[in-house]
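Coordinate analysis (summary)
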Amino acid sequence: MKNPKMVPLAVNGGIGFGAKLTPRQLITLGSYLDEDAEVELTTFQQLIIKVEEDKVQQATEELKNAGFSVYKAGNYVKSLRTCNFCKGAEVEGMPVAKELNDRIAGQEVPFTLRPAYTGCPNACGEPLINDIGVIKRDEHFQLYIGGKAVGEDAQTGVLLKDGLEPEELYELVDNVLEVYRKNGRKRERMAKFVSRYGFDKMKQELNI
């Protein structure tokens with residue numbers, strides 16, 4: 001008898017005040033794990049589990065009912081990494097963070113893309129060293145692209161545009177992802193793509 005094909009799923013507790021899980025979520029998660037199964041905890045507040053292929057739909061529904069967000073694992077936009085929103089949901093822009101995550105998480109891209117968000121200039125969510133970074137300043141938002149946290153060529157992201165309203169932010173991020181999707185090479189990180197393609201050329205194509 002062949003072993004069943006296992007499909008990886010990325011799950012987390014959703015966008016909120018830090019990375020927190022409830023007992024119900026842990027129990028539900030455990031029901032899909034063998035005793036000796038390993039669960040990968042990523043730097044993006046995600047748990048990677050493997051589920052039998054014919055149980056993926058059932059697992060996804062049950063995990064979502066328990067309060068998890070469930071995403072595809074692989075070359076997709078990861079769920080939005082956030083800070084702890086220390087000043088409260090409205091002040092830190094929680095609704096915007098949730099909406100942005102809903103719009104972009106799971107989109108297919110040339111290589112795994114890590115977006116990050118922080119609700120103030122302290123930048124605790126590390127948006128400046130991730131592929132796409134958003135910082136809320138007062139009532140507006142800044143969008144950075146091309147950050148990279150690891151390697152000898154580690155670098156901070158470059159400010160693409162400042163003073164964005166929420167709808168402008170959503171649209172611009174969507175457009176950035178589309179340019180990357182159309183012109184990026186397979187397994188080319190955003191930082192390398194921006195360097196090769198050209199920051200000024202990106203701005204021109206994005207009408208900035």
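My aim in this report is to walk through the structure given alongside it, one point at a time. All figures in this text were calculated on a predicted structure; none of them were measured in a lab.

Thresholds applied
Residues numbered from 1 in each chain as written. Predicted model: local features only at pLDDT ≥ 70, side-chain atom pairs only at ≥ 80, totals over all residues. Heavy atoms only, no water. Helix = DSSP H or I, 4+ residues; strand = E, 2+ residues; numbered from the N terminus. Rg over C-alpha atoms; globule rule 2.2 N^0.38 Å. Buried < 20%, exposed > 50% of the residue type's maximum accessible area, 1.4 Å probe, protein only. Lys, Arg positive; Asp, Glu negative; His and termini not counted. Charge placed at Lys NZ, Arg CZ, Asp CG, Glu CD. Phe/Tyr/Trp six-rings, centres within 6.5 Å; stacked < 30°, edge-to-face > 60°. 1 Å grid on protein atoms, 1.4 Å probe; cavity = no way out; pocket = protein on both sides within 12 Å on 5 of 7 lines; lining within 4 Å. Points joined across faces, edges and corners; volume = space filled by probe spheres on them. Nonpolar A, V, L, I, M, F, W, Y, C, P; charged D, E, K, R; others polar. Pairing = 2+ DSSP bridges.

1. Quick look at the overall build of the protein
Across its full length, the protein carries seven helices and nine strands. Against the globule reference of 17 Å for 208 residues, the protein gives a C-alpha radius of gyration of 18 Å, in line with a compact fold. In the protein, which comprises 208 residues, the proportion classed as buried is 46%. With 28 positive and 31 negative side-chain charges, the protein shows a spacing of 4 Å between the two charge centroids.

2. Quick notes on the packing of aromatic side chains
Using the criterion set out here, one finds three aromatic pairs in the structure. On the numbers, 6.4 Å between centres and 40 degrees between planes, the contact of Y117 with F141 is tilted. Of the two residues, Y117 is situated in strand β6 (residues 115–118) and F141 in strand β8 (residues 140–145); the sequence distance between them amounts to 24 residues. We classify Y117 as buried; its relative accessible area is 0%. On the basis of relative accessibility, which here comes to 2%, the residue F141 falls in the buried class. Ring plane angle 50 degrees and centroid distance 5.4 Å describe the contact between Y180 and F193, whose orientation is recorded as tilted. Of this pair, Y180 sits in helix α5 (residues 166–183) while F193 sits in helix α6 (residues 190–197); the two residues are 13 residues apart in sequence, bridging distant segments of the chain. Neither residue differs from the other here; Y180 and F193 are each classed as buried. Within the aromatic cluster, the residues linked to one another by ring pairs are Y180, F193 and Y197.

3. Digging into the layout of surface pockets
There is about 290 Å³ of room inside the largest pocket. Contributing to the lining of the largest pocket are 13 residues, with M6, Y32, L33, D34 and K50 lying nearest its centre. Examining the composition of the lining of the largest pocket, we find that four residues originate from one element, strand β3 (residues 47–52), more than from any other. Of the residues assigned to the lining of the largest pocket, the class counts are six nonpolar, one polar and six charged.

4. With respect to the pairing of β6
Taking every second residue as pointing to the same face, both faces of β6 are buried, with P115 and Y117 on one and A116 and T118 on the other. Where strand β5 (residues 81–82) meets β6, two bridges bridge the pair, whose relative direction is parallel. Counterpart to R81 in the pairing with β6 is A116. Across four bridges, β6 lies against strand β7 (residues 132–137) in parallel orientation. Pairing of P115 across the sheet is with I132, part of β7.

5. Points about unusual backbone geometry
Of note, D138 is a non-glycine position whose phi angle comes to about 55 degrees, a positive value. Positioned with a positive phi, N207 is a non-glycine residue whose angle comes to about 60 degrees. In this fold, N207 is placed in the segment after α7 (199–205). Judged by relative accessible area, N207 falls into the exposed class, the value being 71%.

Purely spatial values, then, with no claim about function.
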